[in-house]
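So you can see what is in the structure, the chains are spelled out below.
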Amino acid sequence: MNNQEKARIPAFDALSQHFKENAHMALRNKQLRQNMRTAMDSLITKRLISMPDENEREDLRELGNHIRARALSKLPDLLEKLEANLTKRGVQVHWAETTDEANQIIFDIAKRRQAKLFIKGKSMVSEELNMNHFLKKQGIEALESDMGEYIIQLDHERPSHIIMPAIHKNAKQVGQLFEHKLDTPYTDDVDTLIQTGREVLRHKFFEADIGISGVNFAVAETGSLFLVENEGNGRMSTTAPSVHIAITGIEKVVENLRDTVALVSLLTRSALGQAITTYVNLISSPRKMDELDGPEEVHLVLLDNGRTQAFADAQLRQTLNCIRCGACMNHCPVYTRIGGQAYGTVYPGPIGKIISPHLMGLDKTEDLPIASSLCGACGEVCPVKIPIPELLRRLRKEDIRPPKEPLHYVKGQGARFSRKERLMWNVWKTMNTNPCLYRKFSYLATRLRFMTPNILAWSQNHSKAKPAVYTLHELAKKHLGDNK
Amino acid sequence: MSARDNILKKLRSSLEGATARPDDFNIELVTKPWNYGDTKGQVTQLKNMMESVRTEVHQTNQANWLDLFVELLKQKKINNLLYSPNIEIGKKITNYWPKNNELPKLKVYDRPVEEWKHELFFEIDASITSTLGAIAATGSLIVWPTPEEPRLMSLVPPIHFAILEASKIFNNFYEAQQTLNWAENTPTNALLISGPSKTADIEQILAYGAHGPKELIVIILEDV
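In this text the structure is predicted, and so the values were computed from the model without any measurement.

Conventions and cut-offs
Residues numbered from 1 in each chain as written. Chains lettered and ligands numbered in written order. Predicted model: local features only at pLDDT ≥ 70, side-chain atom pairs only at ≥ 80, totals over all residues. Heavy atoms only, no water. pLDDT = per-residue confidence, 0-100. Phe/Tyr/Trp six-rings, centres within 6.5 Å; stacked < 30°, edge-to-face > 60°. Helix = DSSP H or I, 4+ residues; strand = E, 2+ residues; numbered from the N terminus. Buried < 20%, exposed > 50% of the residue type's maximum accessible area, 1.4 Å probe, protein only. Polar contact = N/O pair within 3.5 Å; in protein donor to acceptor, adjacent residues only side chain to side chain. Contact = heavy atoms within 4.5 Å. Pairing = 2+ DSSP bridges. Axes fitted to C-alpha atoms, helices over the stretch in contact; angles between N-to-C directions. Core = buried A, V, L, I, M, F, W, Y, C linked by side-chain atoms within 4.5 Å. Buried area = accessible area lost by both parts, 1.4 Å probe. Salt bridge = Lys/Arg side-chain N within 4 Å of Asp/Glu carboxyl O.

Student: Would you take a moment to explain the confidence of the model for chain B for this structure?
Tutor: Atomic detail in the predicted coordinates should be set aside for any region of low pLDDT. Here chain B shows a mean pLDDT of 97. Residues at 70 or above account for 100%. Overall fold confidence for the complex sits at a pTM of 0.94, while the interface term, ipTM, reaches 0.97.

Student: Sorry if this is basic, but what is going on with the packing of aromatic side chains here?
Tutor: For any pair of aromatic rings, the description consists of the separation of the ring centres together with the inter-plane angle of the planes. In this structure the tally under the stated criterion is 17 aromatic pairs over all chains. Taken together, a centroid distance of 6.3 Å and an interplanar angle of 65° make the contact between Y150(A) and F178(A) edge-to-face. Of this pair, Y150(A) sits in helix α9 (residues 147-154) while F178(A) sits in helix α10 (residues 171-182); the two residues are 28 residues apart in sequence, bridging distant segments of the chain. Seen from their ring centres, W65(B) and F69(B) are 6.0 Å apart, and the 40° between their planes marks the pair as tilted. Of this pair, W65(B) and F69(B) both sit in helix α4 (residues 65-75), separated by 4 residues, roughly a single helical turn. Overall, W65(B) belongs to the buried group, its relative accessible area being 1%. In this structure F69(B) comes out as buried when scored by relative accessible area, which is 0%. Members of the aromatic cluster, connected to one another through ring pairs, are W65(B), F69(B), Y96(B), W97(B) and F161(B).

Student: I would appreciate a short explanation of the side chain of D313(A) in the present structure.
Tutor: All names here are of chain A. Within the secondary structure, D313 sits in the loop between α14 (307-311) and α15 (314-317). Judged by relative accessible area, which is 10%, D313 ranks as buried. Within the structure, the side chain of D313 is placed 3.0 Å from the backbone nitrogen of Q315, a separation counted as a polar contact. When neighbours within four sequence positions are excluded, D313 is seen to be in contact with R394 and Y409.

Student: Just to check I follow, could you spell out the sheet that holds strand β2 (residues 80-83) of chain B for this structure?
Tutor: Residue and element names in this part refer to chain B. What the 6 strands build is an open sheet, ordered β1-β12-β7-β4-β2-β3; its pairing is parallel. Strands with a single pairing partner mark the edges of an open sheet, and in this sheet they are β1 (56-60) and β3 (105-108). Sheet twist, expressed as the mean angle between neighbouring strand axes with direction ignored, is 25°. On top of the sheet, α4 reaches β1, β2, β4 (126-130), β7 (159-165) and β12 (215-221); it is set at about 165° to β12, its chief contact. Here helix α5 (residues 88-96) sits on the sheet and contacts β2, β3, β4 and β7; the angle it forms with β4, its principal contact strand, is near 130°.

Student: Sorry, what's going on with the environment of Q204(B) here?
Tutor: Within the secondary structure, Q204(B) sits in the loop between β10 (198-199) and β11 (207-208). Among the residues examined, Q204(B) registers a relative accessible area of 13% and is labelled buried. Spatially, the C-alpha atoms of Q204(B) and K99(B) are 47 Å apart, while their sequence positions differ by 105 residues. Here Q204(B) is in contact with A39(A), S42(A), L43(A), K46(A), M164(A) and I167(A), once residues within four sequence places are set aside. Engagement of the side chain of Q204(B) in a polar contact is seen with the side chain of K46(A), the distance being 3.5 Å.

Student: Help me understand the nonpolar core in this model?
Tutor: The tendency in soluble globular proteins is for nonpolar side chains to be buried side by side. With 190 residues, the main nonpolar core has F118(A), L120(B), L141(B) and W182(B) as its most contacted residues. With 8 residues, helix α13 (residues 259-272) of chain A is the largest single contributor of residues to this core. Membership of the second largest hydrophobic core comes to 23 residues, among which are L66(B), L81(B), I93(B) and L221(B).

Student: Honestly, the interface of chain A and chain B in this entry has me stumped. Any pointers?
Tutor: Many structure descriptions define interface size as the accessible area lost when the parts assemble. Counting residues at the interface gives 103 residues for chain A, matched by 76 residues for chain B. Carbon and sulfur atoms supply 59% of the area that chain A and chain B bury against each other, a total of about 7,600 Å² over both sides. At the boundary of chain A and chain B, one finds 9 salt bridges. Salt-bridge contacts for E80(A) lead to R12(B); the nearest nitrogen and oxygen are separated by 2.9 Å. Here chain A is connected to chain B by 49 residue pairs in polar contact (both at pLDDT 80 or more). Examining the composition of the side of chain A that touches chain B, we find that 12 residues originate from one element, helix α11 (residues 190-207) of chain A, more than from any other.

Student: Would you take a moment to explain the pattern of salt bridges for this structure?
Tutor: Oppositely charged side chains can form a pair if their charged atoms are brought close together. Within this structure, the stated rule accounts for 46 salt bridges over all chains. Its salt-bridge partner being R416(A), residue D367(A) comes within 3.2 Å of it at the nearest N-O pair. Here R416(A) lies in the loop between α20 (388-399) and α21 (419-433) and D367(A) lies in the loop between α18 (349-360) and α19 (377-381), a separation of 49 residues in the sequence. Exposure remark for R416(A): the relative accessible area of 26% places this residue in the partly exposed category. Measuring nitrogen to oxygen at the nearest pair gives 2.7 Å for the salt bridge that ties R111(B) to D110(B). For R111(B), a relative accessible area of 26% puts it in the partly exposed group. Within this structure, R70(A), K74(A), E255(A), R258(A), D259(A) and D23(B) form a network of salt bridges that share partners.

Student: Mind showing me how you'd approach the sheet that holds strand β5 (residues 133-135) of chain B here?
Tutor: Two orientations exist for strands paired in a sheet by backbone hydrogen bonds: parallel and antiparallel. Read from one edge to the other, the open sheet built from 8 strands follows the order β8(A)-β5(A)-β6(A)-β9(A)-β9(B)-β6(B)-β5(B)-β8(B), with strand pairing classed as mixed. Either end of the sheet is taken by a strand with one partner, and the two such strands are β8 (253-254) of chain A together with β8 (169-170) of chain B. Bridge count for β5(B) against strand β6 (residues 140-143) of chain B is 3 bridges, and the pairing is antiparallel. In the sheet register, I135(B) faces β6(B), and the bridge partner there is S140(B). Sheet contacts for α13(A): β5 (217-219), β6 (224-229) and β8 of chain A; angle to β5(A), the most-contacted strand, approximately 175°.

Student: Before we go on, may I ask you to explain unusual backbone geometry in this structure?
Tutor: Peptide bonds are trans in most cases, and residues, glycine excluded, mostly fall at negative phi. A positive phi angle is found at H156(A), which is not glycine, with a value near 55°. Note on H156(A): relative accessible area 44%, which makes it partly exposed. Phi at E203(B) takes a positive value of approximately 55°, unusual for a residue other than glycine. As for its placement among the helices and strands, E203(B) is situated in the loop between β10 and β11. Using a relative accessible area of 38% as the deciding quantity, one classes E203(B) as partly exposed.

Student: What am I meant to see in α9(A) here?
Tutor: One full turn of an α-helix is made of 3.6 residues, so residues set three or four places apart face in the same direction. The buried fraction of α9(A) is high, at 7 of 8 residues. Those residues of α9(A) not exposed but buried are M147(A), G148(A), E149(A), Y150(A), I151(A), I152(A) and L154(A). Considering only its buried residues, α9(A) is in contact with α7 (124-129), β3 (141-144), α10 and α11 of chain A together with β10 of chain B. Measuring from the backbone nitrogen of G148(A) back to the side-chain oxygen at the start of α9(A) gives 3.1 Å, which picks out D146(A) as the cap. In the stretch just after α9(A), H156(A) is the one whose phi turns positive, near 55°.

Encoded structure:
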């Protein structure tokens, strides 16, 4: 074991892509559960405080939904308009169907610029690309500059939350990590830790050749990249290096600048309970002739990576309404208990469950649609009203669709299809839809209740399911008879 | 076929037979709850919002702001100040400085960043910039960087002073976009700045001075 590995203080290791194993492991991790519970409770409260007027909140969610749905209903036209407006202002637009293509585009720019160091603002799409890893193989360092992202990168982890990537770690864990990796004296004082991060990264902003960012909204009308952030690392990454590359999914387009008024308010309040983030940064062109700073080149990489698949079906298309606020995670009872890394996917939580099957295929995410109690909290808080529970049920259906059926919008469909299960449900259906059979079955089940088998998978977490002494029919008959 | 053609083709074929959704943007919803009456009401709202995220807000007027500003510079023990001599507030600073002793050394952003990046990143104590206006609802300054006041001027120095004319405060983001004719008039870079740089990435504990300014000081000129 080398030093770097020894120094790891992982909150939790997602060792496999197998959700169930990860979930079991995470559930046993008391520290993780405590960290997550505290953080999620606080985020839930902050959101509510920032949206005190229920009517305003609900009307705005409705408007948010309409804005996103309108943008998607014109998506190809808006993408072309965005491209035209950006190009006119000197921004170079690239299109990538796959993550490999996107990485290649970015690498080609780096090669041409002879870049050695990338500094990154927060970008979940760059996680989709696994860009840091890809660049490292090419001898290029890509350093995260969002404090949370920087912390988990130091510990070779991936984000556990899309807004608060290091939320699974507490200050003591970060203190130990900095002590090991940066040779700073141990402290769990958050201000000191942040100042250490600032020092280190200030030098990296100074040196970096290329800055990377995501995009919150791409405004077609003006050809602007709209970014929100609190730290200033986004502004640094998009301004200080001589090249800025923004990477985003093709769904992030909005039609008009004014649409961002409603969306940004929904985004920052739903995500963090803030009326607005410290910085809103609209980038519409590279450095002009008379300007003294800003990147000489600005690039936008538009990524598909499964989004056109979600787009193909009107119901599943609603997945692409998402503005990545993370509110569905904060309110999810499953996510809160297992944390983001257990999902083994780039996007965790409820939104991850409905987007990942399109990015990776249901065959690689087969357990995600069923990792939900369908409590409905995610759908209730979603600022753009994505009916997440409805989409989970739809994906469950695709998950068990017989593989021989033609492809039904989701690649890898039928991953959980089982002949045995299908047969059992058919028997169950017949029994419950045929009155004569149903009565015979329920009579037998009640009279033979002492023989109820112990189904371990069920009873290890629940009390044993045992039929009642009498059937409902018998009880009703007796009740009505008594009352006559 | 290129990636672009493939993506657009897939999207178009998925939309076949579908009609575009109507534009039912609700202006009232994004303006009515965010209205603060006259300038006084707007200043109060802006101040409350900005102070809640640890911004220092001072109310003064054209005649007195420089005295106040210099007092603040002394309090904060600032050794050098980045400013633009070519704009209104900069001209006043240029005139004021020789008449007074022991003032911070003035620095000017008058060449491309590459020529003095190290000094800018590690040696400048504070900067002062103008603003295009502000948004009362969210407590945000509107800054459109220019060749005189480039982008990094409001970001890199640890302390940022911003001058705001009270008459340029808008009620909300929508009103600001409309009045500034933002969509037609899009600048290279436009910013809303709503406090000093901050992060809550460790245990959700709020810490100021992440990567941008550690302090933001807003001086409101109430008679303009």
